Amino acid sequence: GGLALGNSIGVELASNSITAKNGASISISGTGGSDASTDNHAGISAPNATISVEGSGDLTLTGRGGTGTDNNYGIQLQNSTLMVEDGELMLTGIAAADATGNNNDGIALSDNSMIRSTGSGGIELVGTGGGTGTASSGGNNGIILLSGSGIEFTDLGDDRRRYRKSGHRHPR
């Protein structure tokens, strides 16, 4: 074998299903690796994953993208679902400020990924884009939803639903 370059992901939840029940919570944190000459150093990457919390428990993901060229996401969801019932769903994604390319998004949802509250639980997204690329060449967004991805509340009769988002870029 040799040394694999790039794709140094902090936590990868590929094709996983994780469920917490009876008021239990889930908290996942990850930091991507650093190699200034390669890409794909996500803090948390979840392709084809389902993470759900039933009852009053919370779901918290905190991801920090590593240093590299392109695609160093804080949190990247691809064809995945995150779901809470009556607890809080909180995502904090920070892309590396010193990443040198594009698509260094704080939080990126793509390929029909869904963030969902099925009860009285609130949703909060905080994303900080990094990198030195420009919006016209791929962007480095705080929060980006692509390809049919979305955020939904299915308990329409509860006024306690909350949705907060905050996205920005690292200052240059």
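Described in the following lines is the structure provided in the data block.

Quick notes on the rules
Residues numbered from 1 in each chain as written. Predicted model: local features only at pLDDT ≥ 70, side-chain atom pairs only at ≥ 80, totals over all residues. Heavy atoms only, no water. Helix = DSSP H or I, 4+ residues; strand = E, 2+ residues; numbered from the N terminus. Buried < 20%, exposed > 50% of the residue type's maximum accessible area, 1.4 Å probe, protein only. Contact = heavy atoms within 4.5 Å. Areas by Shrake-Rupley, 256 points an atom, 1.4 Å probe, with all protein chains shown as cover. Pairing = 2+ DSSP bridges. Axes fitted to C-alpha atoms, helices over the stretch in contact; angles between N-to-C directions. Polar contact = N/O pair within 3.5 Å; in protein donor to acceptor, adjacent residues only side chain to side chain. Salt bridge = Lys/Arg side-chain N within 4 Å of Asp/Glu carboxyl O.

### Some remarks on the overall build of the chain
Tallying secondary structure elements over the chain gives 0 helices and 15 strands in all. The proportion of buried residues among the 172 residues of the chain is 47%. Contacts in the chain between residues far apart in sequence, at least 24 positions, make up 79% of those at least 6 positions apart. Total accessible area computed for the chain in this model is approximately 7,700 Å², and 45% of it derives from carbon and sulfur atoms.

### Some words on the sheet that holds strand β11 (residues 114-117)
Taken in spatial order, the 5 strands of this open sheet run β2-β5-β8-β11-β14, and their pairing is parallel. Each edge of the open sheet is held by one strand with a lone partner, namely β2 (17-20) and β14 (150-153). Going across the sheet, the axis of each strand differs from the next one's by a mean of 5 degrees, ignoring polarity. Sheet topology places β2 next to strand β5 (residues 50-53); 4 bridges connect them, and they run parallel. Bridge pairing in β5 links threonine 19 to serine 52.

### A few points about the sheet that holds strand β7 (residues 75-78)
Read across the sheet, 5 strands follow the order β1-β4-β7-β10-β13 without closing on themselves; strand pairing throughout is parallel. Both edges of this open sheet fall to β1 (11-12) and β13 (143-145), since each of them pairs with a single strand only. Looking at chain direction, strand β4 (residues 44-47) and β7 are connected through 4 bridges and run parallel. Directly across from proline 47, in β7, lies its bridge partner glutamine 78.

### A short note on the pairing of strand β9 (residues 89-94)
A one-sided burial pattern is seen for β9, the buried positions being Leu89, Leu91 and Gly93 and the unburied ones Met90, Thr92 and Ile94. Bridge count between β9 and strand β12 (residues 123-129): 6 bridges; the pairing is parallel. Paired with threonine 92 across the two strands is valine 126, which belongs to β12.

### Observations concerning the pairing of β11
Residue alternation in β11 divides its side chains into two sets, Met114 and Arg116 and Ile115 and Ser117, and both sets are buried. Sheet topology places strand β8 (residues 81-84) next to β11; 4 bridges connect them, and they run parallel. Paired with threonine 81 across the bridge in β11 is methionine 114. Here β11 runs beside β14; their pairing, made up of 4 bridges, is parallel.

### Considerations on the side chain of serine 80
For serine 80, the position within the fold is in the loop between β7 and β8. Taking the relative accessible area as the measure of exposure, serine 80 reaches 1% and is therefore buried. In terms of polar contacts, serine 80 uses its side chain to reach the backbone amide nitrogen of asparagine 48, at 3.2 Å. A distance of 3.1 Å separates the side chain of serine 80 from the backbone oxygen of glutamine 78, its partner in a polar contact. Discounting residues that sit within four places of it in the chain, serine 80 has contacts with Ala46, Pro47, Asn48, Ala49, Asn112, Ser113 and Met114.

### Examining the pattern of salt bridges
Using the criterion set out here, one finds 1 salt bridge in the structure. Across the pair arginine 116 and glutamate 152 runs a salt bridge whose closest N-O atoms are separated by 2.4 Å. One end of the pair, arginine 116, is in strand β11; the other, glutamate 152, is in strand β14, with 36 residues separating them in the sequence. Among the residues examined, glutamate 152 registers a relative accessible area of 27% and is labelled partly exposed.

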